[in-house]
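Letter by letter, the chains look like this.
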Amino acid sequence: MLQRIQTVYLLLAAIISGGLIFLFPLWENSDGTPVYANNELMVFIMFISSALLSLVSIFMFKNRKLQFVLGRLNILLNFFLLGVFVYWSLNLSGEIIISKKDIGMFLPIISIVFLVLANKAIKKDEDLVKSVDRLR
C-alpha cells in the first residue's frame, strides 16, 4: 500500500537527503567558495545512505515493524550527521575552514522532522491493525 501518508513523508526525506544536497551548499570557505556535500566524502556517504534507507523503508510496507525500525535507524543517522556538522562548526577554527554556514547544514533537521512524522503514521497503522485483530 504505497498510497499511505508515511510514503509521502519518507519520499520527502529521501528527496531532502539525496537531492537537495546538490542544490544547497553546506558552508562557504574563507575564500568564499561554497562547499557541497559531495565535496566531503563522509558527509556525502551519510546523506546518500539516509536517502537509500528512506527509499528502502518505503517498500517495506508489508512489514510495518521493520519499516518502523528502519525509520528509527534513519533518524539516528541524521542525528549523527547533525552532530558532525555541529562539531565541525564549533570545534574547528571558524574563519579558516568554515566561514559562513549555509542551509545545507540544516537539511538533516528537516529530514528528521519528516522521518518522525513517518514513524508516527507507521505506528498509527500498526495500532489500527492490532485493534482490528483484537476484534476478531
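Values in this document were obtained by computation on a predicted structure and should not be read as measured data. (Residues numbered from 1 in each chain as written. Predicted model: local features only at pLDDT ≥ 70, side-chain atom pairs only at ≥ 80, totals over all residues. Heavy atoms only, no water.)

**Student:** Got a minute to help me understand the overall build of the protein chain in this structure?
**Tutor:** Helix and strand content of the protein chain: four helices and three strands. Along the chain direction, N to C, the helices and strands of the protein chain fall in the order α-β-β-α-α-β-α. Buried positions account for 37% of the 136 residues belonging to the protein chain. A separation of at least 24 residues holds for 73% of the contacts in the protein chain among residues at least 6 apart in sequence. As presented, the protein chain carries roughly 7900 Å² of accessible surface, and 70% of it is formed by carbon and sulfur atoms. (Helix = DSSP H or I, 4+ residues; strand = E, 2+ residues; numbered from the N terminus. Buried < 20%, exposed > 50% of the residue type's maximum accessible area, 1.4 Å probe, protein only. Contact = heavy atoms within 4.5 Å. Areas by Shrake-Rupley, 256 points an atom, 1.4 Å probe, with all protein chains shown as cover.)

**Student:** What should I look at first to understand the pattern of salt bridges in this one?
**Tutor:** Across all of its chains, the model carries three salt bridges by this definition. Where Arg64 meets Glu126, a salt bridge forms, and the shortest distance between an N and an O atom there is 2.9 Å. With a gap of 62 residues between them, Arg64 in helix α3 (residues 64-91) and Glu126 in helix α4 (residues 107-135) connect regions that are remote in the sequence. Taking relative accessible area as the criterion, Glu126 reaches 14% and is therefore assigned buried. (Salt bridge = Lys/Arg side-chain N within 4 Å of Asp/Glu carboxyl O.)

These values are about where atoms sit, not about what they do.
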